[in-house]
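The primary structure of each chain is shown beneath.
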Amino acid sequence: MWSTDREVAAGDVVIIWQTRDIIQPLLITPGKDLNSRFGHYRHADLIGVPYGSKVGSSNGKGFIHVLRPTPELWTMALPHRTQILYLADIAFITSWLNIRRGSRVIEAGTGSGSFSHSVVRTIGSAGHLWSYEFHEVRAEKAREEFNRHGMADIVTLTHRNVCKDGFTVTDTVDSVFLDLPAPWDAVEHAKKALRKDCTTRICCFSPCMEQVLRTVTALNDAGFTDITMYETLLKPHDVHQIPVPISLSDIVDKLKKSEFKREEKRLRQIANSSKRKRDSSVDKDDGSKKAKTDDDTSNTAEIGPAAVPVTIQSITETTPVPSQPAKVNLSKPMQEVRGHTSYLTFARLLPISFSPQMPDLDENMVKSD
Ligand code: SAM
């Protein structure tokens, strides 16, 4: 799809990563410059730089990362001409539609081409994507991008109103994906385009429940089965490593002090109870018990050093205390959650020859389900 060379060349499309929120595609054109709040960069200076490099600006203001495009990065960076599909939905749809290497797929509309790029990578040159868009300018822009990204042989893009005029292929595709304002109007057309020799699949992407209900009715009327609706809700977490405000050596010191305090208390209790015993003995038999009390005192003194807790000794003697403070991983949900984009309505179309006694002809579907 994109350049597979190790280094950036003139004419390559690269992804410029500035921050998590500032990611942009760039067509490397010698003579042009990139100016951002992270500095000034000549395209010519990026030629020959290995993909994945961190590049400093020529005016010393900051740096950028120069990345090789992938469908995931393209979705994050692409110029929006419409609402687009994001990765959580793309992954789920691709999986449920059983899109894989060699699949033949229809999508309508093309929009900004976010879904198209992922599908093309998945199906590879053995598969084919028929993409339909009724907005002429959007169709033209998408065509330019598909050509520039080396996808022209895998995608056939048609400028067309699929709800009115249907698709250009019949009994051909394994799956259909509809991202349209009125997908129910395209369901019968989709049925015509789907293969009839095995189980095939359809997905309709609609933002509200009223649209879902109309789509479900149309799918039922057209003879689709296993109609199922999902919603993908993604809750990303921001993970940071932060230093804990106390170092390991401080923790050891604190532990040691509290252990010694506990030990001190224990020894005091032993001494007190010995004293109590001694006093009661003196009351009974003054002379004989006096000598024993001296022994008790020496025994008590011996208990002290031997009772220093082994755990603390082993920490202090064997654990190298880091000079840097310890760090912990902290995770918190991100503020902006691009969660609900739409409801995904899926259905299957069984082969014409299917009868309940027959095994499901889509062997791969059975394996993957
Ligand atoms: N899935 C696309 C993506 O990931 O970038 C976004 C599709 S966008 C939300 C919907 C597109 O469908 C728009 O570009 C619109 O012009 C196109 N569209 C709407 N009705 C159509 C129709 N009847 N036939 C073909 N395209 C249509």
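Within each chain, residue numbers correspond to sequence positions counted from 1 in written order. Where local features are concerned, this predicted model is filtered to residues with pLDDT of at least 70; where side-chain atom pairs are given and counted, the filter is 80 or more; whole-chain, interface and lining totals use all residues. No hydrogens and no water enter the side-chain calculation; it runs on all heavy atoms of the structure.

Right, let's get into the environment of Asp226. Looking at the secondary structure, you find Asp226 in strand E12 (residues 225-231). Only protein chains enter the accessibility calculation, which uses a 1.4 Å probe; a residue is then buried when its area is under 20% of its type maximum, exposed when over 50%, and partly exposed in between. You can call Asp226 partly exposed: its relative accessible area is 41%. Taking the C-alpha atoms as reference points, Asp226 and Ala347, 121 residues apart in sequence, are found 5.3 Å from one another. As used in this structure description, the phrase polar contact means that two N or O atoms lie within 3.5 Å; if the pair is within protein, one of them must be able to donate a hydrogen and the other to accept it, and residues adjacent in sequence are counted only when both atoms belong to side chains. A polar contact of 3.0 Å, which involves the side chain of Asp226, links it to the side chain of Arg348. Helix numbering and strand numbering both begin at the N terminus, where a helix is a DSSP run of H or I of at least 4 residues and a strand a DSSP run of E of at least 2.

Once that is clear, we can look at the site of the ligand. One heavy atom suffices: a residue is near a molecule or strand as soon as one of its heavy atoms comes within 4 Å of it. Not every one of the 22 residues close to the ligand is listed here, only the nearest: Glu133, Arg138, Asn161, Val162 and Asp179. Gly113 has a polar backbone atom sitting 3.2 Å from an oxygen atom of the ligand. Phe134 has a polar backbone atom sitting 3.2 Å from a nitrogen atom of the ligand. Throughout, the Shrake-Rupley method with a 1.4 Å probe supplies accessible areas, and for residues the shown protein chains are the sole cover considered. Alone, the ligand offers 610 Å² of accessible surface; in the complex the protein occludes 92% of this. Counting residues per element, the ones that place at least two in the shell around the ligand are helix H4 (114-123) and helix H6 (162-165).

Next up on the list: the nonpolar core. Note on terminology: a nonpolar core comprises buried Ala, Val, Leu, Ile, Met, Phe, Trp, Tyr and Cys residues joined through side-chain atoms within 4.5 Å. Within the largest apolar cluster, 26 residues are counted, with the highest numbers of intra-cluster contacts made by Ile106, Phe167, Leu178, Ile202 and Phe224. Among the elements of the structure, strand E7 (104-108), strand E8 (128-133), strand E10 (175-178), helix H7 (187-193), strand E11 (200-206), helix H8 (209-222) and strand E15 (343-349) are those that each provide at least two residues to this core. Leu85, Trp96, Ile154 and Leu344 belong to the second largest nonpolar core, which has 24 residues in total.

It is worth spelling out the sheet that holds strand E1 (residues 13-17) at this point. Read across the open sheet, the four strands follow the order E2-E1-E6-E5; overall the sheet is antiparallel. Two strands lie at the open edges of the sheet, namely strand E2 (23-27) and strand E5 (53-56), each paired on one side alone. Averaged over all neighbouring strand pairs, the angle between strand axes comes to 35 degrees, with direction disregarded. In this scheme, strands are said to pair when DSSP sees at least two bridges between them. What counts as an axis is a line fitted to C-alpha atoms, over the stretch in contact for a helix, and the angles between N-to-C directions run from 0 to 180 degrees.

Now for unusual backbone geometry. Cis geometry marks the peptide bond from Ala108 to Gly109; its omega dihedral reads -10 degrees. Looking at the element boundaries, Gly109 is found in the loop between E7 and H4. For Asp171, which is not glycine, the phi dihedral falls at a positive 50 degrees. Checked against the element boundaries, Asp171 lands in the loop between H6 and E10. The exposure class assigned to Asp171 is partly exposed, which follows from its relative accessible area of 45%.

On to the environment of Asn272. Along the chain, Asn272 turns up in helix H9 (residues 248-284). Through-space distance from the C-alpha of Asn272 to that of Pro181 is 87 Å; in sequence the pair is 91 residues apart.

For the rest of this paragraph, the subject is the pattern of salt bridges. Oppositely charged side chains are able to pair whenever their charged atoms sit close together. Salt bridge criterion: a side-chain nitrogen from Lys or Arg within 4 Å of a carboxyl oxygen from Asp or Glu. As enumerated under the stated definition, the model contains 13 salt bridges in all. Among the salt bridges present, the one from Glu72 reaches Arg121, with a minimum N-O distance of 2.7 Å. Highlighted residues: Glu72 in helix H2 (residues 71-77) and Arg121 in helix H4, separated in sequence by 49 residues. The exposure class of Arg121 is partly exposed, given its relative accessible area of 42%. Residue Asp171 is joined to Lys196 by a salt bridge in which the shortest nitrogen-to-oxygen separation is 2.8 Å. With Asp171 in the loop between H6 and E10 and Lys196 in the loop between H7 and E11, this pair connects stretches of sequence that are 25 residues apart. Taking relative accessible area as the criterion, Lys196 reaches 23% and is therefore assigned partly exposed. A cluster of three or more residues bridged by salt bridges with shared partners is formed by Asp174, Arg195 and Asp197.

Pairing is mixed in the open sheet, where seven strands are placed in the order E9-E8-E7-E10-E11-E15-E12. Either end of the sheet is taken by a strand with one partner, and the two such strands are strand E9 (155-159) and E12. In this sheet, adjacent strand axes meet at a mean angle of 15 degrees when their direction is disregarded. In this sheet, E8 lies alongside E7 in parallel orientation, the contact comprising five bridges. Bridge assignment links Arg104 to a residue of E8, and that residue is His128. Two residues form a contact once any of their heavy atoms are found within 4.5 Å. Contacts from H4 reach E7, E8, E9 and E10 within the one sheet, and its direction differs from that of E8 by about 165 degrees. Strands E8 and E9 of the sheet are contacted by helix H5 (residues 136-148), whose axis makes an angle of about 165 degrees with E9.

Here, two cysteine sulfur atoms that lie within 2.5 Å of each other are counted as a disulfide. Counting across every chain of the model gives zero disulfides. As a non-bridged cysteine, Cys163 has Cys204 as the owner of its nearest cysteine sulfur, 10 Å distant. Residue Cys163 is classed as partly exposed on the basis of its relative accessible area of 25%. By relative accessible area, Cys204 is classed as buried at 1%.

Without other data, these values stay purely geometric and don't point to any function.
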